[in-house]
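Survey of secondary and tertiary structure
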Amino acid sequence: MVRLPYVTALTTLFSYGLLFAFGQMRDLFRKLIDWSKSKGKDLKGYAPICLGLEDFYTRRLYLRIQDCFSRPIASAPDAWIDVVERKSNDHNKTLHRTSNTTKCLNLGSYNYLGFAAADEYCTPLVIESLKKYSASTCSVRVDGGTTNLHTELEELVARFVGKPAAILFGMGYVTNSAIIPALMGKGGLIISDSLNHNSIVNGARGSGAAVRVFQHNSPSHLEEVLREQIAEGQPRTHRPWKKIIVIVEGIYSMEGELCNLPEIIAVCKKYKAYTYLDEAHSIGAVGKSGRGVCELLGVDTADVDIMMGTFTKSFGSCGGYIAASKEIIQYLKHTCPAHLYATSMSPPAVQQVISAIKVILGEDGSNRGAQKLARIRENSNFFRSELQKMGFEVLGDNDSPVMPIMLYNPAKIPAFSRECLRRNVAVVTVAFPATPLLLARARICISASHTREDLMKGLEVISKVGDLVGIKYFPVEPPKHVEQDKKTL
Amino acid sequence: MAKLYVQTVPPPDLNKNTEWFMYPGVWSTYLFILFFSWLLVLSVFGCTPGMAWTVVNLFHFAITYYFFHWKKGTPFAEDQGIYNNLTWWEQMDNGKQLTRNRKFLTVVPVVLYLIALHTTDYQHPMLFLNTLAVAILVVAKFPNMHKVRIFGING
């Protein structure tokens, strides 16, 4: 549930309308000028690569604020990060890198437990494994790409997540988009949350099964959709569905909300549908010992049929995994194309995950894992409550390290991003089409490596920029003790 | 001014081209744009209010016909062309007919027509042009015209 002032909704729609109108006028002029100039001789009878309509959004809206996205970095994505400056001579149509970098506070990287930079336990082991196994296995898992690091990590992941067996893949996106077609085929039904990640949408489209969407995080709507679909059966033949699977995520990366897992599992069990939980953002970051959203919400891992996760966010590596029963993993090892034809995970990356999980579990002999988990929880709750006190509209549940600050108007997106960069804070802003049209936001990701001073600096900058840009939509809570300056309504 | 807040839930519509229409404030924005364009026409041309409403009606016809019933597909390449044969009107609400949004969009040209006729006192060249505009728009929005291409134009 997002709340926004009515006037903001009107002005946002009006701004998008204005941008759209200007874009169409520019396209019209370009068509006229091109028609009078070249007469289409260059194409020589070939069809154009893209219709003018398809990339309208990219050309006329995205390119205008291109400097807020894809910023190159020049250091490890730790709490402070070096951002490369870019210059443009033609109003952001092309950007050129300069050789200057600015050190900024990093509020955009998925570095939940602080493993992204050099770690005292992990990095020496990773360098050792790089020397021993080299940077790549240069082979597919089934040929020669399974080192003993891979088998060790599979067992470790299965133990960590709480399932009998696990399988690894070299890329997180591919984990979803290659597994879902291996599990579901024609005649199956996939019911996915309306705000699921693009990898799940891609996998569902590629599988050939029928796809239905249910309203975000609402078990009642899920039940309605399930009942309707089970009663109707497959389209046109009305035969019963071969398999029904419900796909949800642990933490939704654009909202920062936790999934309503216990109720959704209860609904799925009632109608005998399989469940697939994508824990990309929640594994390692939430839960008392970092085991993800099942531990946090008290759901037995045996109730979720397939648990998926990535190593990119909390473990500072790259790759993904699927944890499920031994039979499912065995089946996937024989059928999933990402296992049979794709190169296996790089061995130093595997070693990084092994060491990171050992630190989280406390098996490296220290309690740094527990400290990190406590710190990220404290940091997230502190930051979120301070932002809400300042009057920002911040989404997300308590304990979630992802907090989107709502911007709404399209012009505030580049304004917020550039002003923050000017004050040495790097934030990530997201707009349409990754989010709904009205609901553009700046997404903050808190890390366990942020100290209290870093967070205070971040809060100060965001507050100043928020005043400049005008995104404090809610009344400010009066401060309990005297602080720097007061903000009036 | 007391701030009115509205709540919004993201609608389960996967088509990014049409889901923006399901948010609060869209209808009001549409009506405000029509009203302000009438004021703009009045101030720029300095004509009678009736002529201004006729001009607004005709521009509204041209723009909405082009964008709702002529242009097909979506401005996003990620849809991979599944909507390439459907106009915006046909993509609305996933093809369901007679929803609230569709009824609203059908009523607006008719109301605009009545206002234009009333303020011009039903005089002749404006009467014909306005009637033509509204007839084409309303017929294009009928449920029976879903995916119909007359004489294969725009097919």
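Conventions adopted
- Residues numbered from 1 in each chain as written.
- Chains lettered and ligands numbered in written order.
- Predicted model: local features only at pLDDT ≥ 70, side-chain atom pairs only at ≥ 80, totals over all residues.
- Heavy atoms only, no water.
- UniProt positions renumbered as here; feature names shortened; annotations may be inferred.
- Helix = DSSP H or I, 4+ residues; strand = E, 2+ residues; numbered from the N terminus.
- Buried < 20%, exposed > 50% of the residue type's maximum accessible area, 1.4 Å probe, protein only.
- Pairing = 2+ DSSP bridges.
- Axes fitted to C-alpha atoms, helices over the stretch in contact; angles between N-to-C directions.
- Phe/Tyr/Trp six-rings, centres within 6.5 Å; stacked < 30°, edge-to-face > 60°.
- Lys NZ or Arg CZ within 6 Å of the ring centre and 35° of its normal.
- Core = buried A, V, L, I, M, F, W, Y, C linked by side-chain atoms within 4.5 Å.
- Contact = heavy atoms within 4.5 Å.
- Expected span 1.5 Å × (residues − 1).
- Arc of directions from axis to C-beta.
- Salt bridge = Lys/Arg side-chain N within 4 Å of Asp/Glu carboxyl O.
- Polar contact = N/O pair within 3.5 Å; in protein donor to acceptor, adjacent residues only side chain to side chain.
- Nonpolar A, V, L, I, M, F, W, Y, C, P; charged D, E, K, R; others polar.

With an unreviewed UniProt entry as reference, chain B is termed ORM1-like protein 3, source organism Ensete ventricosum. As stated in UniProt under Subcellular location (unreviewed entry), the record for chain B gives "Membrane".

Naming follows an unreviewed UniProt entry, where chain A appears as serine C-palmitoyltransferase of Ensete ventricosum. Per UniProt, chain A carries the Subcellular location (unreviewed entry) text "Endoplasmic reticulum membrane".

Take the overall build of chain B next. When helices and strands are tallied, chain B shows five helices and one strand. Listing every helix and strand of chain B by position from the N terminus yields β-α-α-α-α-α. With respect to the principal axes defined by its C-alpha atoms, chain B has extents near 55 × 45 × 25 Å. Looking at chain B residue by residue over its 155 residues, the buried ones come to 42%.

Moving on to the sheet that holds strand 6 (residues 210-214) of chain A. Strand pairing in a sheet takes place through backbone hydrogen bonds and is either antiparallel or parallel in direction. Residue and element names in this part refer to chain A. Overall, mixed pairing links the seven strands, which are arranged 4-10-9-8-7-5-6 in an open sheet. Two strands in the sheet have a free side with no partner beyond their single neighbour: strand 4 (165-169) and strand 6. Neighbour-to-neighbour, the strand axes of the sheet open up by a mean angle of 20 degrees, direction not taken into account. In terms of strand pairing, strand 4 meets strand 10 (residues 320-324) through five bridges, oriented antiparallel.

What follows covers the packing of aromatic side chains. Counted according to the given criterion, the structure contains 20 aromatic pairs over all chains. Three or more aromatic residues joined by ring pairs make a cluster, and in this case those are Phe32(B), Phe35(B), Phe36(B), Trp38(B) and Trp53(B). The ring centre of Phe382(A) lies 3.8 Å from the NZ or CZ of Arg452(A), which sits over that ring. Here Arg102(B) stacks its cationic end above the ring of Trp89(B), 5.0 Å away from the centre of that ring.

Right, let's talk about the nonpolar core for a bit. All names here are of chain A. Judged by nonpolar contacts, the single largest core of 70 residues is most densely connected at Phe 383, Leu 387, Phe 416, Ile 444 and Ile 462. Top element by residues in this core is helix 15 (residues 452-469). It accounts for six residues. Those residues in contact with Ile 444, other than ones at most four positions away along the chain, are Leu 107, Phe 383, Pro 401, Val 402, Met 403, Ile 405, Val 427 and Ile 462.

Here the focus is the UniProt feature "transmembrane region" (unreviewed entry) in chain A. UniProt feature "transmembrane region" (unreviewed entry): in the numbering of this structure it lies at residues 6-23 of chain A. From the first C-alpha to the last, residues 6-23 of chain A spans 26 Å; its make-up is 100% helix and 0% strand.

Here we take up helix 5 (residues 124-140) of chain B. Residues and elements named next belong to chain B. In this model, helix 5 (17 residues) spans 25 Å end to end at C-alpha, consistent with the 24 Å of a helix rising 1.5 Å per residue. If you check which residues of helix 5 are buried, you get Met 126, Asn 130, Ala 133, Val 134, Leu 137, Val 138 and Ala 140. When helix 5 is viewed along its axis, its buried side chains cluster within an angular range of 165 degrees and face the same direction. Residues His 124, Pro 125 and Phe 128 are exposed on helix 5 and point more than 90 degrees away from its buried face. Where helix 5 is buried, its residues contact helix 2 (49-70), helix 3 (88-91) and helix 4 (100-119).

Let us look at the environment of Phe311(A). Residues and elements named next belong to chain A. Within the secondary structure, Phe 311 sits in the loop between strand 9 (306-310) and strand 10. Look at Phe 311 and you get buried, because its relative accessible area is 0%. For the pair Phe 311 and Gly 284, spaced 27 residues apart in sequence, the C-alpha separation works out to 9.2 Å. Once residues lying within four places of it in the same chain are set aside, the contact partners of Phe 311 are Leu 153, Val 157, Leu 168, Gly 316, Ser 317, Cys 318, Gly 319, Gly 320, Tyr 321, Met 345 and Val 353.

Below, the discussion takes up the UniProt feature "transmembrane region" (unreviewed entry) in chain B. Residues and elements named next belong to chain B. Those residues carrying the UniProt feature "transmembrane region" (unreviewed entry) are residues 21-45, 51-68 and 126-143 in this numbering. Segment residues 21-45 splits into 80% helix and 0% strand. End C-alpha atoms: 32 Å apart. Within residues 51-68, the helical portion is 100% and the strand portion 0%, while the C-alpha atoms at the span's ends are 25 Å from each other.

We now examine the interface of chain B and chain A. At the junction of the two partners, chain B supplies 34 residues and chain A supplies 36 residues. Where chain B packs against chain A, one counts zero salt bridges. Taken together, the connections running from chain B to chain A amount to one residue pair in polar contact (both at pLDDT 80 or more). Going through the elements one at a time, strand 1 (5-8) and helix 1 (26-45) of chain B are the ones with two or more residues in the side of chain B that touches chain A. Looking at the side of chain B that touches chain A element by element, the count peaks at five residues for helix 1 of chain B. Residue classes in the side of chain B that touches chain A are distributed as 19 nonpolar, nine polar and six charged.

Every buried residue belonging to helix 14 (residues 412-422) of chain A is among Lys412(A), Ile413(A), Pro414(A), Phe416(A), Ser417(A), Glu419(A) and Cys420(A), and all of these are buried. Those residues of helix 14 of chain A that are buried lie in contact with strand 12 (425-426), strand 13 (428-430), strand 14 (441-445) and helix 15 of chain A.

What follows covers the side chain of Gln352(A). Residue and element names in this part refer to chain A. One can find Gln 352 in helix 12 (residues 347-361). By relative accessible area, which is 9% here, Gln 352 ends up buried. For Gln 352, the side chain forms a polar contact with the main-chain oxygen of Phe 315, separated by 3.0 Å.

With numbering matched to this structure, UniProt assigns "domain: Aminotransferase class I/classII large" (unreviewed entry) to residues 103-462 of chain A. The span residues 103-462 of chain A shows a helical share of 42% and a strand share of 15%, and its end C-alpha atoms are spaced 17 Å apart.

With that settled, the discussion passes to the side chain of Thr87(B). Residues and elements named next belong to chain B. Mapping Thr 87 onto the fold places it in the loop between helix 2 and helix 3. A distance of 3.5 Å separates a polar atom in the side chain of Thr 87 from the backbone oxygen of Phe 68. Excluding anything up to four places from it in sequence, Thr 87 contacts Phe 68, His 69, Trp 70, Lys 71, Lys 72, Arg 149 and Asn 154.

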